[in-house]
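Okay, here's what each chain looks like letter by letter:
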Amino acid sequence: MRCRGKKGVAVQYATALFLILVLNFFLPRMMPGDPFLILSADSENEVISVLTEEQRQYFISYYGLDRPVYEQFASYIFSVARGDLGESIYYKVPVWEAIWTRLPWTALIVLGATLMSTVAGVLLGLFSARRRDSPADKMLIVGLISFAEIPSFLLGLVILLAFSVKLKAFPLAGAITPFAHYSHPFDALWDIGYHAVLPIITLSLTQLTGIYLLTRNTLVTVMTRDYIRTARAKGIGERLVWTRHALRNALLPVVTRVGFMIGMLMGGAVLVENVFSYPGVGSLLRSSVIARDYPLIQGIMLVMAFSILTVNYLVEIVYERLDPRTSSCEAV
Amino acid sequence: MAEAVCEAWRQEKEASFKAAQKAAKMAGFRAIKADLNIVSKNEETLRGLLAAALDSICDSIGRFSPAGKMGIAGLLLIVFIAVFAPFVTFYDPSAISGMSLEPPGPDHILGTDELGMDIWSQICYGTRMSLVIGLAVAMISGVGGGFLGLMAGYMGGNWDKVLLRTIDITMALPSFPLLIVIAAFLNPSILNVILVLVFLSWAKPARVVRSQALAMKKQQYIISARLYGAGPVYIIRRHIMPEALPLIFVSILNISSYAIVAESGLAFLGLGDPTSKSWGMMLHYATSFRSIYFTPYWQWWLMPPLIALIFLLLCLAFIGRDMERIVDPRLRSRGGQ
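Residues numbered from 1 in each chain as written. Chains lettered and ligands numbered in written order. Predicted model: local features only at pLDDT ≥ 70, side-chain atom pairs only at ≥ 80, totals over all residues.

Chemist: Residue-level account of the overall build of chain B, with values.
Modeler: Assigned secondary structure in chain B consists of 15 helices and zero strands. A buried classification covers 39% of the 337 residues belonging to chain B. Sequence separation of at least 24 residues holds for 71% of the intrachain contacts in chain B that already meet a minimum separation of 6. (Helix = DSSP H or I, 4+ residues; strand = E, 2+ residues; numbered from the N terminus. Buried ≥ 20, exposed ≤ 12 C-beta atoms within 10 Å, placed from the backbone. Contact = placed C-beta atoms within 7 Å.)

Structure representation (structure tokens):
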């Protein structure tokens, strides 16, 4: 662990966010051409009306493009801070609204995958550590490590081909059955869960290994400590020693790992959603890429980057609270 | 009055101190220059360095596990296919050489795609794309980042502080969203993809090598070498480089699989270079094909690039894991793998 104060961490994340905003602001301005070229040519109706110089000037000053760059940048920052991300060209709605309607689906699979990979990873880690160096332990390690090397969208394609296309056990696409009428709210929940299972399994398989290895290795180290020997000497039984004494102390690094995992899962969800045609932010991104809907692409990027940065920042702060050792400065 | 005198005295002292510092710095620079001269005069240096690197690589391959050896064999096979792509295929990858969506048969080993292009040819030529992107990104950011880390770690001072801050900020950037937005705005040529990936991945090798250099600088034998009058370039080349090279090599392997995944992911989203044949673009076209899962086409259109990508990544991963194990003996005693 390197020594960084609370302030240093805050400055680091703030700078990263600022860099992203700068990039978001300058990227469109670095592209060739200007926005009024497209306004002056309407290819669909074969009407090609060239803007007169006067009209061009009017538009440029109307959109504030004649103001100095720093002024434009400041107004951009203010509008982003107010939550105004612009207007989607393709969907003709505010960008924020387009993202907002898709966000719950992404949140569902990301949180589902976080929960599933944490629980499964810790349990498997416990299982493996108790049977250290047995054939089951070795097989688990080799199998899970190989899974972790396959990126989520390729794994997702394999799972989709196996379970939905070949076995026809799970739906191919979507988050709910189209045109379905539910007689009971429980049916609706069942339907949503049924559609979300494969994306959640895919996402969690990629992160499971990290949690599993971390739990297993920390448990193995913790079990050599003196207090474990003391607990055993008290005669409280092997089960309690593992759960109450060992697992509790091994969970601390897992907490950080889970936090950082959420950020990685959000990145992975973008691709996995497209594999399963799941209607979250990721598939919105793909359709906006195909439609070249630049304001929407930028908005999605900004929302994702902001949430990843926020989660990671919170994790660092929380971790410092949980483990005071990290805040004490060691020599670099 | 007394205060003024005091102030003057302090300033004078500071000035003399600074001059001494400057002189020391100048001496340091001169030492580097002299050292560089010796290095450049000694022609065998580069060859010697390369030979040493090759030796260490060969030595570590001997200690590979069976999985690692399989990985190397697989990687060699892939490199072979990439280099000799025109000799192992029968058609040009972007020539329409058959009917649309032909199943695998004697004419087309793996069938044809929607436009009647041979899929085996596309796979073979796509190998080049993946390997070039992986290798280029990994070499530039591994060697460049490693060099920056080495310099910063060894020289210390303000450069080190600046580099450390930059590394921290770069590592905090969420890479995938950034990658998407930059690729969407720049035109998606191979060069742009490589540059963006380098920008996002140089920080890790820099950090690893920096801490290694920092730790080694305090070692007894390096201090004694310096006291015997060895210049910084000599020490870095003779003592620190051999220790840092394996670390750089491991991060080159890791970065190359990261780059391959990122490129195919971008292409899968539709942000790849439309004129190029790559595995990611094949996945993109196949999954964009309407109702492909209700037809048998996925069996010969979607499966080959999928299997090829997974195969390449697993090979790289097996090699990387063995390298890591050999480079870092601590891992073995940690009770883990």
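Chemist: How would you sum up the overall build of chain A? Please name residues and give values.
Modeler: A tally of regular secondary structure across chain A gives 12 helices and two strands. In sequence order, the secondary structure elements of chain A are arranged as α-α-β-β-α-α-α-α-α-α-α-α-α-α. A burial count over chain A gives 30% of its 332 residues as buried. Put simply, of all contacts in chain A between residues at least 6 apart along the chain, 74% involve residues at least 24 apart.

Chemist: Give a description of the environment of B:Ile260 that names residues and reports values.
Modeler: Residues and elements named next belong to chain B. Within the secondary structure, Ile260 is located in helix 11 (residues 232-269). Classification of Ile260 as buried rests on a count of 27 C-beta atoms within 10 Å. Residues Ile260 and Phe176, spaced 84 residues apart in sequence, show a C-alpha to C-alpha distance of 13 Å. Sequence-distant contacts of Ile260, defined by excluding residues within four places in its chain, comprise Ser130, Ile133, Gly134, Leu312 and Leu313.

Chemist: Run through the packing of helix 5 (residues 119-155) of chain B against helix 11 of chain B, naming residues and quoting values.
Modeler: Residue and element names in this part refer to chain B. Taken N-terminus to C-terminus, the directions of helix 5 and helix 11 make an angle of 145°; their axes are 7 Å apart at the nearest point. When the axes of helix 5 and helix 11 are compared, the crossing they make is right-handed. A breakdown of the residues in the contact of helix 5 with helix 11 according to their chemical character gives 17 nonpolar, eight polar and one charged. (Axes fitted to C-alpha atoms, helices over the stretch in contact; angles between N-to-C directions. Left-handed = near helix turned anticlockwise from the far one by under 90°. Nonpolar A, V, L, I, M, F, W, Y, C, P; charged D, E, K, R; others polar.)

Chemist: Can you explain the interface of chain A and chain B? Please cite residues and give values.
Modeler: Contacts between chain A and chain B engage 42 residues on the former and 32 residues on the latter. Of all the secondary structure elements, the ones that give two or more residues to the side of chain A that touches chain B are helix 1 (6-30), helix 6 (135-149), helix 7 (152-166), helix 8 (185-222), helix 10 (238-275), helix 11 (281-290) and helix 12 (294-322) of chain A. Partitioned by chemical class, the residues of the side of chain A that touches chain B number 30 nonpolar, 10 polar and two charged.

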